[in-house]
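Each chain, letter by letter, is given below.
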Amino acid sequence: GFVCLSEASGKAEDAIKKANIALKQAKEILRGDCIEFTREMAIKTEGRVRLLNGLRKAFDFDRLFLVYQPQVSVASGDVIGVEALMRWRTDEGEMIPPDDFIPLAESSGLIVPLGEWALNTALLELERINNTHKTELRMGINVSALQFRHPDFLKVVQKAINNHRVQSKNIELEITESVAMLDANTAVETIQHLRQIGVHVAMDDFGTGYSSLSSLEKFRLSRLKIDKAFIDKINEKSSSSQLPEMIIKLARDLNLDVIAEGVEHDYQFSFLKQLGCDEIQGYLFAKPVLSEQLDQWLIAHKKDQQGS
Ligand code: C2E
Ligand code: CA
Ligand code: CA
């Protein structure tokens, strides 16, 4: 990473800082080569720092919350669970999308306490909905790779279970293929431990990463989640992607269930049903909603089911 001194007005310190920003970029995207510092880089870095500070504050001041999106059985139409998704509303009322703040939380390590908070909040909600509605719904919770690899991860999960009146079989942690990228053996062991205490593990965004099929076989997963990107390719007459079909076949062979996310249209639902997909999540049934709205949705859905 380098900066041209003619560009770097000010102190030597500033020039080194700028070269460092360029170096960081080079390490991320152009290893084995060099990158020159630009003004855009400074603006982007500044923006990230500001957003991260905002996120830290939001976390400290309880400005983060979870919303819940129902998951439905294809065969019966019954709701079988919900996925917890994190939300951040700034003091000014602006919603910052998780696709912006989660990567930031990951790169700064903040995701570890943030993830622990999400886990505990989601289990509290799981306890509440299953009590209120006399059901056995499942709670899907996203776990980032950094959190999953943390030495205290299993302890954190156990503690969260102990602190809530929930059954571990109703907990499903959603991991991504990136957990296997650094150390597949440790990932296999961690999943093994989770299964021993009854917790389910699903592979999220399946097909978008680079997991090797051999490590997939060693993981004791419960479910594969087909990413929305592949569901988007299902149109009214056919699908321009073979991936949904391939993933469902693979899951069958590995004895896993499959859920498709991001299902918005009836024709996508029918197509996936034909392929033998087990469960569906998407705007076709419900958007992610606050806890109070989830209650109403669950009651309305049950009535619909009984009526049909
Ligand atoms: P994801 O885990 O793949 O979650 C699915 C995303 O698809 C969610 O976006 C959900 O709102 C959206 N979605 C579901 N059905 C539909 C649909 O029919 N149409 C459309 N257009 N979108 C649909 P969201 O909530 O913005 O979350 C984005 C990502 O942020 C998540 O992707 C996940 O990777 C991450 N994330 C969210 N909450 C957490 C969390 O608590 N922890 C971690 N580590 N990551 C989280
Ligand atoms: Ca997910
Ligand atoms: Ca996804």
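This structure is a prediction, so every number in the text was calculated from the model and none was measured.

### Here's the deal with helix α4 (residues 111-132)
Thinking step 1. With 22 residues, α4 ought to run about 32 Å at 1.5 Å a step, and its terminal C-alpha atoms sit 31 Å apart, in line with that.
Thinking step 2. Among all positions of α4, only Ile111, Leu114, Gly115, Ala118, Leu119, Ala122, Leu123, Glu125, Leu126, Glu127, Ile129 and Asn130 are buried.
Thinking step 3. Note on α4: the residue one or two positions beyond its end, Lys134, has a positive phi of about 50°.

### Re the coordination of the calcium ion (ligand 2)
Thinking step 1. Binding of the calcium ion (ligand 2) to the protein goes through Glu83 (OE), Asn142 (OD1), Glu174 (OE) and Asp204 (OD), at separations of 2.2 to 2.3 Å.
Thinking step 2. Going along the chain, you hit the donors of the calcium ion (ligand 2) in the pattern E-x58-N-x31-E-x29-D.
Thinking step 3. Taking relative accessible area as the criterion, Asn142 reaches 29% and is therefore assigned partly exposed.
Thinking step 4. A residue is classified by how much of its surface remains accessible, and Asp204, at 7% relative accessible area, is buried.

### Some remarks on the pattern of salt bridges
Thinking step 1. Counted by the stated rule, this structure contains 15 salt bridges.
Thinking step 2. Among the ionic pairs, Arg128 bridges to Glu125, the shortest N-O distance being 3.1 Å. In this pair, Arg128 and Glu125 both sit in helix α4, 3 residues apart, roughly one turn of the helix.
Thinking step 3. Residue classification places Glu125 among the buried positions, given a relative accessible area of 6%.
Thinking step 4. Close ionic contact of Lys155 with Asp152 constitutes a salt bridge, the shortest N to O distance being 3.6 Å.
Thinking step 5. Residue class for Lys155 comes out exposed when judged on its relative accessible area of 60%.
Thinking step 6. Salt bridges here are not isolated pairs; linked through shared partners, they connect Arg138, Glu172, Arg223, Asp257 and Glu279.

### Considerations on the coordination of the calcium ion (ligand 3)
Thinking step 1. Protein coordination at the calcium ion (ligand 3) comes from Asp205 (OD), Asp227 (OD) and Glu261 (OE), with a distance range of 2.1 to 2.3 Å.
Thinking step 2. Expressed as a motif, the donor residue spacing for the calcium ion (ligand 3) is D-x21-D-x33-E.
Thinking step 3. Between the calcium ion (ligand 3) and the calcium ion (ligand 2), the interatomic distance is 5.8 Å. Of this pair, Asp205 sits in strand β6 (residues 200-206) while Asp227 is found in the loop between β7 (223-226) and α10 (228-231), placing the two residues 22 residues apart along the sequence.

### Considering the site of ligand 1
Thinking step 1. Taken together, 21 residues surround ligand 1, and among them Met86, Arg87, Lys228, Glu264 and Tyr283 come closest.
Thinking step 2. Glu83 places a polar side-chain atom, nitrogen or oxygen, 3.4 Å from an oxygen atom of ligand 1.
Thinking step 3. Interatomic distance of 3.2 Å between a side-chain N/O atom of Asp205 and an oxygen atom of ligand 1.
Thinking step 4. Counting atoms within 2 Å of the grid points, the majority share of ligand 1 lands in the largest pocket.
Thinking step 5. When contributions to the shell around ligand 1 are tallied by element, the ones reaching two or more residues are β2 (79-89), α3 (98-108) and β6.
Thinking step 6. The dominant element in the shell around ligand 1, judged by the number of residues it contributes, is β2, at 4 residues.
Thinking step 7. Taken together, the residues of the shell around ligand 1 sort by class into 8 nonpolar, 5 polar and 8 charged.

### A short note on the nonpolar core
Thinking step 1. If you look at the biggest cluster of nonpolar residues, it comprises 76 residues, and the most contacted ones within it are Leu123, Phe148, Ile171, Leu173, Leu221, Leu224 and Leu272.
Thinking step 2. Broken down by element, this core gets its largest block of residues, 8 residues, from α4.
Thinking step 3. Not counting residues up to four positions away in its chain, the partners in contact with Leu224 are Met203, Phe206, Leu216, Ile247, Leu250, Ala251, Leu256, Asp257, Val258 and Ile259.
Thinking step 4. Judged by nonpolar contacts, the second largest core, of 9 residues, contains Ala8, Ala22, Ala26 and Ile35.

### Focus: the side chain of Ser239
Thinking step 1. Assignment of secondary structure puts Ser239 in the loop between α10 and α11 (243-254).
Thinking step 2. Reaching out from Ser239, the side chain makes a polar contact with the backbone oxygen of Ser241 at a distance of 2.7 Å.
Thinking step 3. Beyond its immediate sequence surroundings of up to four residues, Ser239 is in contact with Lys233, Ile234 and Phe271.

### Looking at the packing of α4 against helix α6 (residues 153-162)
Thinking step 1. Where α4 meets α6, the closest approach of the two axes is 10 Å, and the angle between their N-to-C directions is 25°. Relative to α6, the element α4 lies roughly parallel. Read as a crossing pair, α4 and α6 show a hand that is right-handed. Here α4 contributes Glu116, Leu119, Asn120 and Leu123 to the contact with α6, which in turn contributes Val156, Val157, Ala160 and Ile161.
Thinking step 2. In terms of residue class, the contact of α4 with α6 is built from 6 nonpolar, 1 polar and 1 charged.

### Thoughts on the state of the cysteines
Formally, a disulfide is one covalent bond, and it connects the sulfur atom of one cysteine to the sulfur atom of another.
Thinking step 1. What the rule picks out here adds up to 0 disulfides.
Thinking step 2. Looking at the unpaired Cys34, the closest cysteine sulfur is the one in Cys4, lying at 11 Å.

Rules of the game
Residues numbered from 1 in each chain as written. Chains lettered and ligands numbered in written order. Predicted model: local features only at pLDDT ≥ 70, side-chain atom pairs only at ≥ 80, totals over all residues. Heavy atoms only, no water. Helix = DSSP H or I, 4+ residues; strand = E, 2+ residues; numbered from the N terminus. Expected span 1.5 Å × (residues − 1). Buried < 20%, exposed > 50% of the residue type's maximum accessible area, 1.4 Å probe, protein only. Donors = N, O, S within 2.8 Å, 3.2 Å for Na, K, Ca; no water. Salt bridge = Lys/Arg side-chain N within 4 Å of Asp/Glu carboxyl O. Near = heavy atom within 4 Å. Polar contact = N/O pair within 3.5 Å; in protein donor to acceptor, adjacent residues only side chain to side chain. 1 Å grid on protein atoms, 1.4 Å probe; cavity = no way out; pocket = protein on both sides within 12 Å on 5 of 7 lines; lining within 4 Å. Sits in = over half its atoms within 2 Å of the grid points. Nonpolar A, V, L, I, M, F, W, Y, C, P; charged D, E, K, R; others polar. Core = buried A, V, L, I, M, F, W, Y, C linked by side-chain atoms within 4.5 Å. Contact = heavy atoms within 4.5 Å. Axes fitted to C-alpha atoms, helices over the stretch in contact; angles between N-to-C directions. Parallel < 35°, antiparallel > 145°, perpendicular 65-115°, else oblique. Left-handed = near helix turned anticlockwise from the far one by under 90°. Disulfide = S-S within 2.5 Å.

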